[in-house]
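# Understanding the architecture of this molecule
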Amino acid sequence: MSEIRRVLVHWHTAKPESVEAAPDVIDRLRRAGFEVLEPNSGDPDVLILLGGDGFLMESLRHFAYPRYPVFGINFGTVGFLMNSHSCIPSLTDILREGRSLAVSHPLLEAVAHQEDGKTARVYAFNEFVLERQTGQAVRLEIEVNRRLFNRFAGDGFVISTPAGSTAYNLAAGGPAVHPAVQGIVLTPLYPHQAEPFHSVQFSLVLPLESEISVSAEELLKRHVRLVADGHAFPHIARVTIRDSGRRVTLLRTPDREFTRLLSEKFIGARDGA
């Protein structure tokens, strides 16, 4: 990674802890000789975010999924994708000396066709969720690489990246996927098991170059919506999801190594436990 000189700091204005920390972070950076940019004054060498995982998703969308790296500092609840706020006293040294690991994450792209004929192209860093929009279970026909995989009845599907695998996907019973594994995870939501349904009951990890197409059936009473990292698009008739080819780079401090963090955040184990 090239030398970091120009820095942009962006914080969660609805979180008092983030608002309180922002002037301190900016002051430390300036006193260490970094140029702290004003918003819309050009691309930085690194974007520093103060907030939680949800704020990270919103910020990535706000900055159009930037090509420059992102250093997140957690002021949220879980903060699986962020660095600990305890790193702030060492932040300038971390940036100057390159004491962080650059982790590249794929960005998924969906082309969604709505019931009224409109088409939307949307992106997801964490996951797409196809879910029922009403009290009726959805009926979905799922194709992988243009071949039928499953005719599904249930609440829907989570289609996630490795970065998103520890979010809704994991809560739905899907696997936690190491970021070095470049793939797409399909996890069913409450699949119907009774006859005559043959809904898939397990998660499937596919190569990143795979194409997933989902068509909704019986749309008059079984409406479907697409949720892209928390943003909903209603009345979906068909959606095709694939790797966008774009990447988002997160800078992680050594203590945020994936398996160590998974153990601490989701299992509750600590070093020496």
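Since the model is a prediction, treat every value here as computed from it, not as a measurement.

Looking now at the overall build of the protein. For the protein, the helix and strand inventory stands at 5 helices and 16 strands. C-alpha atoms of the protein, sized along the principal axes, occupy 65 × 45 × 35 Å. Counting all 273 residues of the protein, 51% fall into the buried class. Across the protein, every contact between residues at least 6 apart in sequence was considered, and the portion connecting residues at least 24 apart equals 69%. Of the accessible surface of the protein, which amounts to about 13100 Å², a share of 50% is contributed by carbon and sulfur atoms. The distance from the centre of the 29 positive side-chain charges to the centre of the 32 negative ones in the protein is 2 Å.

Here 6 strands make up an open sheet; going across it, the order is 12-11-10-7-14-15 and the pairing antiparallel. The sheet is open, and its two edges are formed by strand 12 (204–207) and strand 15 (231–233), each paired on a single side. Ignoring which end each strand starts from, the neighbouring axes of this sheet average 20° apart. Pairing geometry for strand 10 (residues 156–160) and strand 11 (residues 183–189), over 5 bridges, is antiparallel. Across the sheet, residue Val158 finds its bridge partner in strand 11, namely Thr187.

On to helix 2 (residues 53–62). Taken residue by residue, helix 2 has Phe55, Leu56, Met57, Ser59 and Leu60 as its buried positions. In this structure, the buried side of helix 2 is in contact with strand 1 (6–11), strand 3 (46–51), strand 4 (70–74) and strand 16 (236–252). In the stretch just after helix 2, Ala64 is the one whose phi turns positive, near 60°.

Another point: helix 5 (residues 258–267). Regarding helix 5, the residues found buried are Phe258, Leu261, Leu262 and Glu264. Buried residues along helix 5 sit in contact with strand 16. With its phi angle positive at about 90°, Gly268 sits one or two positions after the end of helix 5.

Here we take up the packing of aromatic side chains. The tally for this structure, following the rule as stated, stands at 4 aromatic pairs. On the basis of an interplanar angle of 90° and a centroid distance of 5.9 Å, the ring pair of Phe80 and Phe258 is categorised as edge-to-face. Taken together, the residues span a long stretch of sequence, with Phe80 in the loop between strand 4 and helix 3 (91–97) and Phe258 in helix 5 at a distance of 178 residues. Comparing Phe80 with Phe258, the two get one shared label, buried. Ring pairing ties together the aromatic residues Phe80, Phe258 and Phe266, which thus form one cluster. Across from the ring centre of Tyr123, 5.6 Å away, lies the NZ or CZ of Arg246, which sits over that ring.

This structure, assessed with the given rule, holds 20 salt bridges. Here Arg5 and Glu3 are joined by a salt bridge, their closest N and O atoms 3.3 Å apart. When the shortest N-O distance is used, the salt bridge between Arg121 and Glu109 registers 3.3 Å. Of this pair, Arg121 sits in strand 6 (residues 119–124) while Glu109 sits in strand 5 (residues 101–114), placing them 12 residues apart in sequence. When its relative accessible area of 51% is taken as the criterion, Arg121 is described as exposed. Salt bridges here are not isolated pairs; linked through shared partners, they connect Glu109, Arg121, Arg146, Glu211 and Arg242.

So, how was this worked out
- Along each chain, numbering runs from 1 in the same order as the chain's sequence is written.
- Residue-level local features of this predicted model are given only where pLDDT is at least 70; pairs of side-chain atoms are given and counted only at 80 or more, and the full residue set underlies all totals for whole chains, interfaces and linings.
- Each side-chain value is derived from all of the structure's non-hydrogen atoms; neither hydrogens nor water enter the calculation.
- Only DSSP runs of H or I with at least four residues qualify as helices, and only runs of E with at least two residues qualify as strands; both kinds are numbered from the N terminus onward.
- Three labels apply to residues, based on accessible area from a 1.4 Å probe with only protein chains included: buried if under 20% of the type maximum, exposed if over 50%, partly exposed otherwise in between.
- When checking whether two residues touch, look at their non-hydrogen atoms; a contact exists if any pair is within 4.5 Å.
- A 1.4 Å probe and the Shrake-Rupley method give the accessible areas. Residues count as covered only by the protein chains that appear here.
- None of His or the chain ends enter the tally, which takes Lys and Arg as positive and Asp and Glu as negative.
- Every charge is mapped onto a representative atom, which is NZ of Lys, CZ of Arg, CG of Asp or CD of Glu.
- A pair of strands is labelled paired if DSSP reports no fewer than 2 bridges between them.
- All axes are obtained by fitting lines to C-alpha atoms, using only the stretch in contact for helices, and the reported angles, taken between N-to-C directions, cover 0 to 180 degrees.
- What counts as a ring pair is set by centres within 6.5 Å for rings of Phe, Tyr and Trp (its six-membered ring), and what kind of pair is set by the plane angle: stacked under 30 degrees, edge-to-face over 60, tilted for all other angles.
- Geometrically, a charge over a ring is one whose NZ (Lys) or CZ (Arg) sits within 6 Å of the ring centre while staying within 35 degrees of the ring normal.
- Counted as salt bridges are all cases of a side-chain nitrogen of Lys or Arg within 4 Å of a carboxyl oxygen of Asp or Glu.

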